[in-house]
Amino acid sequence: MIDSTGYQKLLDKFFLNLIEISLFAIGFLVIVFVLLFLIKKIIANKRSIRSINNTDEENEDFWNVSDIYINKLLYYEELIKNYELREKLQNIANISQTLILKYKGSSETNKKVKKYFTYYLFEIYKLVEKYVEIEKITNKTENMIQAQQKIFITIDYAEKCFEKFLMESFDNIITEINVDTQVLNQMLNRL
């Protein structure tokens, strides 16, 4: 028979073992959570490194696609009979090429520049493509003529917006030039 002190010792030993097992389990769980956290960080780090490497490739693809749109515009520009529209397309191509020269390889490339090439220039290209399709038709309906006029008006407006965007892109440079020339002129006057 177990007396009360023996029973108490047995209970104490049981609880000590239970506490040891609980502490071991808690320690084990902590280690598992730390390992999972570290693995998650390592995977996230690899993804960010991969995304940095892809950024260079994506930028190169972006500029190549931009060049393709410009070349397609110039191709269609040669097919169009409307001289005024041809001039507008040539100007849009020149603006686009100037933007490429300014931003390609630069850290300045921003969302507006990317949107210019990926959305606006692409939409102009699609409109010009449709204009050329309609122009090939010998017996145009009134709707076709109106569609061509709408395309012309839209391209005219786009050209003005693109010119404004180009000027804004060079505002910093123009401001620097104005300040530099003003300072230089003041210094020359003191000579």
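All figures in this text were calculated on a predicted structure; none of them were measured in a lab.

The rules behind each value
Residues numbered from 1 in each chain as written. Predicted model: local features only at pLDDT ≥ 70, side-chain atom pairs only at ≥ 80, totals over all residues. Heavy atoms only, no water. Helix = DSSP H or I, 4+ residues; strand = E, 2+ residues; numbered from the N terminus. Buried < 20%, exposed > 50% of the residue type's maximum accessible area, 1.4 Å probe, protein only. Contact = heavy atoms within 4.5 Å. Areas by Shrake-Rupley, 256 points an atom, 1.4 Å probe, with all protein chains shown as cover. Phe/Tyr/Trp six-rings, centres within 6.5 Å; stacked < 30°, edge-to-face > 60°. Lys NZ or Arg CZ within 6 Å of the ring centre and 35° of its normal. Salt bridge = Lys/Arg side-chain N within 4 Å of Asp/Glu carboxyl O. pLDDT = per-residue confidence, 0-100. 1 Å grid on protein atoms, 1.4 Å probe; cavity = no way out; pocket = protein on both sides within 12 Å on 5 of 7 lines; lining within 4 Å. Points joined across faces, edges and corners; volume = space filled by probe spheres on them. Nonpolar A, V, L, I, M, F, W, Y, C, P; charged D, E, K, R; others polar.

Thoughts on the overall build of the protein
Consideration 1: The helix and strand inventory of the protein stands at 5 helices and 0 strands.
Consideration 2: Reading the protein from its N terminus to its C terminus gives the helix and strand order α-α-α-α-α.
Consideration 3: In the protein, which comprises 191 residues, the share counted as buried stands at 23%.
Consideration 4: Taking as baseline every contact in the protein between residues at least 6 positions apart, the subset at least 24 positions apart corresponds to 74%.
Consideration 5: On the protein, roughly 14500 Å² of surface is accessible, and the fraction owed to carbon and sulfur atoms is 61%.

A word on the packing of aromatic side chains
Consideration 1: Summed over all chains, the structure comprises 10 aromatic pairs.
Consideration 2: With a centroid separation of 4.8 Å and 85° between ring planes, the pair formed by Y116 and F117 is classed as edge-to-face.
Consideration 3: A network of ring pairs unites the aromatic residues W63, Y116, F117, F162 and F165 as a single cluster.
Consideration 4: Cation over ring: K102 sits above Y103, and NZ or CZ is 4.8 Å from the ring centre.

Overview of the pattern of salt bridges
Consideration 1: If you walk through the whole model with that rule in mind, you get 6 salt bridges.
Consideration 2: Across the salt bridge formed by R86 and E77, the nearest N and O atoms sit 3.4 Å from each other.
Consideration 3: With a relative accessible area of 27%, R86 lands in the partly exposed category.
Consideration 4: As a salt-bridge pair, E168 and K164 come within 3.6 Å of each other at their nearest N and O atoms. Here the residue E168 and the residue K164 both occupy positions in helix α4 (residues 142-169), the gap between them amounting to 4 residues, near one helical turn.
Consideration 5: A cluster of three or more residues bridged by salt bridges with shared partners is formed by K88, D156, E159 and K160.

Thoughts on the side chain of S96
Consideration 1: Relative to the helices and strands, S96 is located in helix α2 (residues 83-103).
Consideration 2: Aside from chain neighbours lying at most four places away, what touches S96 is I70, Y116, F117 and L121.

Describing the confidence of the model for the protein
Atomic detail in the predicted coordinates should be set aside for any region of low pLDDT.
Consideration 1: Here the protein averages 83 in pLDDT, while 89% of its residues score no lower than 70.
Consideration 2: Looking across the protein, the model is least confident in helix α1 (residues 4-79), with a mean pLDDT of 75, and most confident in α4, with 94.
Consideration 3: Throughout residues 48-54 the model reports pLDDT below 50, and contacts reaching past four residues in sequence, or to other chains, amount to 0 contacts.

With respect to the layout of surface pockets
Consideration 1: Quantified by volume, the largest pocket comes out at close to 230 Å³.
Consideration 2: With 5 residues, the top contributor of residues to the lining of the largest pocket is α4.
Consideration 3: Residue composition of the lining of the largest pocket, grouped by class: 5 nonpolar, no polar and 4 charged.

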